[in-house]
There are 6 protein chains.
Amino acid sequence: MSMPMVTVTRRLRFNAAHRVHNPALSDEENARLFGKCNNRNWHGHNYVLEVSLRGPIDPVTGYVIDLGRVRDIVEREVIEKTDHRNLNLEVDYLAGINPTSENIVVAMWRVLEPSLRPAQLQRLRLWETENNYVEYDGE
Amino acid sequence: MSMPMVTVTRRLRFNAAHRVHNPALSDEENARLFGKCNNRNWHGHNYVLEVSLRGPIDPVTGYVIDLGRVRDIVEREVIEKTDHRNLNLEVDYLAGINPTSENIVVAMWRVLEPSLRPAQLQRLRLWETENNYVEYDGE
Amino acid sequence: MSMPMVTVTRRLRFNAAHRVHNPALSDEENARLFGKCNNRNWHGHNYVLEVSLRGPIDPVTGYVIDLGRVRDIVEREVIEKTDHRNLNLEVDYLAGINPTSENIVVAMWRVLEPSLRPAQLQRLRLWETENNYVEYDGE
Amino acid sequence: MSMPMVTVTRRLRFNAAHRVHNPALSDEENARLFGKCNNRNWHGHNYVLEVSLRGPIDPVTGYVIDLGRVRDIVEREVIEKTDHRNLNLEVDYLAGINPTSENIVVAMWRVLEPSLRPAQLQRLRLWETENNYVEYDGE
Amino acid sequence: MSMPMVTVTRRLRFNAAHRVHNPALSDEENARLFGKCNNRNWHGHNYVLEVSLRGPIDPVTGYVIDLGRVRDIVEREVIEKTDHRNLNLEVDYLAGINPTSENIVVAMWRVLEPSLRPAQLQRLRLWETENNYVEYDGE
Amino acid sequence: MSMPMVTVTRRLRFNAAHRVHNPALSDEENARLFGKCNNRNWHGHNYVLEVSLRGPIDPVTGYVIDLGRVRDIVEREVIEKTDHRNLNLEVDYLAGINPTSENIVVAMWRVLEPSLRPAQLQRLRLWETENNYVEYDGE
């Protein structure tokens, strides 16, 4: 009999500054498109990242994967590089990227998906505020 | 290369009175089916609505869609008509509808889906209390 | 040696309809003072009530008071009379009272303080929404 | 016209003790695999279970299913047997099972899926802490 | 008979960038004292401000004070000047102030206390993250 | 001019097993007084501890006290000894104490108050569930 397939999720937090800004556009166009989120002096958020992996339950451990190990990998690969940082200036995996939540979550997927293999990353959910979140599943 | 597909969500709140009541049934049958939720003098809730849209990231803005614009449309089309209202008596898009969470979420979809086009509404989630929520994806 | 004094709190929930309305004023004056909260067709909330008692720790039980007993008294004295009710029309301890959060919390104190004796009610906190709450300590 | 398909969810809570432990392994191997979660003197959690069912809206009630009835069944079938219990020692539907969140959620599915029929259980989500949750959909 | 004294609270949110930095100290001393919070490229937070006022219930309105009016004053006096801003560079009432939570909450008190008179500001609570908050009562 | 007095709070979490049990009483008396909380096989909780200190703002740092240092002290003195432990069997500062929330919070005060000096511990708040919490201020 095949083992049940379960999705497991770990939530992690980071605090960062950013501005929504496309350097290929003029300042006027950036201000028009992004409003106060384009403030040249930055603003910031307490982000919450949810990392979901899917797989069969390991009959020895009863885990899909040890979530302590997931936490360690995600902290090393993305949280330590991002927490208390400026997302436009200081984060290698975001270099040249306009740090909207959509672009951040896709960039994090590209870092995390290979780092977590052979476990199968199923979804990343990123909360920017308690009223806004984005989800990406690698598609 | 095709752009990544991301789901973006905005949460909004409204406070409303209602009673669960099917006018095609007798008072006794309504009381039997719906218990205290059928109270003829109404009760109410702090509802939370989550509006999720899915699409490719726009390479100019880095957004699937500007969530400020989503908020404006949802406020105009459903929140302003619903907040601090009686769901049985005062809400045009609920006229003749027994305002269970299931019926409310489907009625909201029918208002919001065309209003948000060409953006693709993917899911509405409606919280009635912190312990109950319903989800509809247009199916 | 005297026993340490500790404050213990139990949270309870109720859902109710109301309108903010002073019957001694004209309809115009009510509308001007209370805006959408005065809607004649009611609106409603998921209220949260926090009941705090203060006293020495009982050396036999290790409790200030059994919070299960507190829950039973509060449910019997206020929650059952209030949950899924209309605060303007149906709640005996609110008869003739404009059901603002301030007036509700004082009325609840007057019911609960004698019911909970000899335990000492220290504070009631009432949340109307996640952004508004009121506190009363019997003064 | 077919009725809209809606997913409805009820959240329930229980508090329990457990240890993560595979009796087929040595104590050393258990300690190595599970660390502090293997503590022989137990630890515990405030669990939150989300029970989601999917179906067409009943045109008479406006419900997919009465969530009060769902609550009663889930309380009788799993919560009463689990709340304030030791998951390794006292819960019949977990007998012989290493009580990781993954194994608990699958065991709960096997109890609840037949108990809730003909309603269609769609998903169980189990929160062990505010930072960890697992999901199972019967696959 | 005197009217009961009640405390009423309104919660408001703002998102901002900052760095903890004392310009009277050397860069080395700032780095030693404040660690990653001193990052020269800024970081940021989703702040939550709770504004509490205390007074007798007005017998005409049933309010201590109209919380809608409190919200308008606080938004005009502090939120609009602070939201999506850099606390070190752009906020007039924080000019020359090292924007720790402690210093922010005292500066906000000095703006809000006169603006809210004759209502009596009782306490400001400022959440920087879900795990840290500070409180000031004007003392 | 004296510096403003501010209260600062850090929240920390731990997960533990316990039973409410007074060994000076008979099993029957324990069962009668404590019901399911007396289960001999234990149950458990995700506890949240809020540590509040009060003092003047240091003009050099802008802090009452570095909350990172508070976190380190509280983790070393109470969290590491308590997390993933059995409160009746394994925690030195609770030896011989019936681990009700009231008794736990007083015992934690007696450990933390001297450890945090010269900073002034003002209040400990301990959440056992999302519906119950206790507070102690050293009195």
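Here the structure is a predicted model, which is why all the values come from computation and not from measurement.

Participant: Quick question: what am I supposed to make of the overall build of chain A here?
Facilitator: Within chain A, the regular secondary structure consists of three helices and five strands. Going residue by residue from the N terminus, the α and β elements of chain A occur as β-α-β-α-β-α-β-β. Burial statistics for chain A: of 139 residues in total, 62% are counted as buried. For chain A, long-range pairs separated by at least 24 residues make up 67% of all intrachain contacts whose partners lie at least 6 apart in sequence. A total accessible area of about 5600 Å² is found for chain A, and carbon and sulfur atoms account for 48% of it. Taking the average location of the 17 positive side-chain charges in chain A and that of its 20 negative ones, the two points are 1 Å from each other.

Participant: Help me understand the relation of the copies chain F and chain C in this model?
Facilitator: Here the two chain copies are tied together by a rotation about an axis and a shift along that axis. Superposing chain F onto chain C requires a rotation of 120° together with a translation of 0.0 Å along the rotation axis, leaving an RMSD of 0.0 Å. Expressed as a symmetry operation, the mapping of one chain copy onto the other fits a three-fold axis. Closest approach to the rotation axis among the C-alpha atoms of chain F is made by Glu130(F), whose C-alpha sits 8.6 Å away.

Participant: Would you mind showing me how to read helix α3 (residues 101-116) of chain E here?
Facilitator: Each turn of an α-helix holds 3.6 residues, which means side chains three or four residues apart point in the same direction. Compared with an ideal rise of 1.5 Å per residue, which puts 16 residues at 22 Å, α3(E) spans 21 Å between its outermost C-alpha atoms and is within 8% of the ideal. For α3(E), a buried count of 12 out of 16 residues is recorded, marking the element as mostly surrounded by other parts of the structure. Residues of α3(E) that are buried include every one of Ser101(E), Glu102(E), Asn103(E), Ile104(E), Val105(E), Val106(E), Ala107(E), Met108(E), Trp109(E), Val111(E), Leu112(E) and Leu116(E), and no others. Considering only its buried residues, α3(E) is in contact with β1 (5-18), β2 (43-56), α2 (67-82), β4 (120-129) and β5 (132-136) of chain E together with β1 (5-18) of chain F.

Participant: Hey, could you run me through the pairing of strand β1 (residues 5-18) of chain B in this one?
Facilitator: Here is the key point about a regular strand: its side chains alternate between the two faces of the sheet. Of all 14 residues making up β1(B), 12 are buried, and the element is well covered by its neighbours. Across five bridges, strand β5 (residues 132-136) of chain A lies against β1(B) in antiparallel orientation. Looking at the pairing, Asn132(A) lines up with Arg10(B) of β1(B). For β1(B) and strand β3 (residues 85-86) of chain B, the ladder comprises two bridges, and the chain directions are parallel. Bridging across to β3(B), Ala16(B) finds its partner in Arg85(B).

Participant: Teacher, can you tell me more about the interface of chain F and chain C here?
Facilitator: By a widespread convention, an interface's size corresponds to the accessible area lost as its parts come together. Residue-level contacts link 21 residues of chain F with 24 residues of chain C. Between chain F and chain C the total buried area reaches about 1800 Å² when both faces are included, carbon and sulfur atoms providing 46% of it. Summed over the three residues of chain F that lose the most area to chain C, namely Glu102(F), Asn131(F) and Tyr133(F), the buried surface amounts to 34% of that side. Connecting chain F to chain C are one salt bridge. With a closest N to O distance of 3.3 Å, Arg54(C) and Glu139(F) form a salt bridge. Where chain F meets chain C, there are 13 residue pairs in polar contact (both at pLDDT 80 or more). Every element with two or more residues in the side of chain F that touches chain C is listed here: α1 (27-34), α3 (101-116) and β5 (132-136) of chain F. Considering every element that reaches the side of chain F that touches chain C, the biggest residue donor is β5(F), with five residues. In terms of residue class, the side of chain F that touches chain C is built from nine nonpolar, six polar and six charged.

Participant: It is not clear to me how the interface of chain E and chain A should be interpreted in this structure. Could you clarify?
Facilitator: Contacts between the two partners involve 22 residues from chain E and, on the opposite side, 22 residues from chain A. Three residues, Asn41(E), Asn46(E) and His84(E), lead the burial of chain E against chain A; their summed loss comes to 32% of the area buried on that side. Scanning the region where chain E abuts chain A turns up four salt bridges. Here Lys36(E) and Asp83(A) are joined by a salt bridge, their closest N and O atoms 3.0 Å apart.

Participant: Sorry, what's going on with the confidence of the model for chain A here?
Facilitator: Detailed reading of the predicted coordinates is not advisable wherever pLDDT falls low. Considering every residue of chain A, the mean pLDDT works out to 97; 99% of them sit at 70 or more. Here the prediction assigns the complex a pTM of 0.97, and the interface score ipTM is 0.96.

Participant: What is the right way to look at the environment of Asp92(C) in this model?
Facilitator: All names here are of chain C. Tracing the chain through its elements places aspartate 92 in the loop between β3 (85-86) and α3 (101-116). By relative accessible area, which is 52% here, aspartate 92 ends up exposed. When the C-alpha positions of aspartate 92 and asparagine 103 are compared, they lie 14 Å apart, and in sequence the two are 11 residues distant.

Participant: Please clarify how the packing of aromatic side chains should be interpreted in this entry.
Facilitator: To describe a pair of aromatic rings, one takes the distance between the centres and the angle between the planes. All chains considered together, the criterion is met by 24 aromatic pairs over all chains. Judged by centre distance (5.6 Å) and plane angle (85°), the ring pair of Tyr63(A) and Phe34(D) falls under edge-to-face. Pair noted here: Tyr63(A) is in the loop between β2 (43-56) and α2 (67-82) and Phe34(D) is in helix α1 (residues 27-34), and the two residues belong to different chains. In this pair, the class of Tyr63(A) matches that of Phe34(D), namely buried. Relative to Tyr133(E), the ring of Trp127(E) has its centre 4.3 Å away and its plane inclined at 40°; by these criteria the two rings are tilted. On the basis of relative accessible area, Tyr133(E) is assigned to the buried category, the value being 2%.

Participant: What is the right way to read the pattern of salt bridges from this model?
Facilitator: Should the charged atoms of two oppositely charged side chains come close, the side chains can pair. Residue and element names in this part refer to chain A. Overall, the coordinates contain 78 salt bridges over all chains when judged by the stated rule. Between glutamate 77 and arginine 76 there is a salt bridge, and its shortest N-O distance comes to 3.1 Å. With a relative accessible area of 17%, glutamate 77 lands in the buried category. Using a relative accessible area of 48% as the deciding quantity, one classes arginine 76 as partly exposed.

Criteria and thresholds
Residues numbered from 1 in each chain as written. Chains lettered and ligands numbered in written order. Predicted model: local features only at pLDDT ≥ 70, side-chain atom pairs only at ≥ 80, totals over all residues. Heavy atoms only, no water. Helix = DSSP H or I, 4+ residues; strand = E, 2+ residues; numbered from the N terminus. Buried < 20%, exposed > 50% of the residue type's maximum accessible area, 1.4 Å probe, protein only. Contact = heavy atoms within 4.5 Å. Areas by Shrake-Rupley, 256 points an atom, 1.4 Å probe, with all protein chains shown as cover. Lys, Arg positive; Asp, Glu negative; His and termini not counted. Charge placed at Lys NZ, Arg CZ, Asp CG, Glu CD. Least-squares fit on C-alpha atoms with pLDDT ≥ 70 in both. Expected span 1.5 Å × (residues − 1). Pairing = 2+ DSSP bridges. Buried area = accessible area lost by both parts, 1.4 Å probe. Salt bridge = Lys/Arg side-chain N within 4 Å of Asp/Glu carboxyl O. Polar contact = N/O pair within 3.5 Å; in protein donor to acceptor, adjacent residues only side chain to side chain. Nonpolar A, V, L, I, M, F, W, Y, C, P; charged D, E, K, R; others polar. pLDDT = per-residue confidence, 0-100. Phe/Tyr/Trp six-rings, centres within 6.5 Å; stacked < 30°, edge-to-face > 60°.

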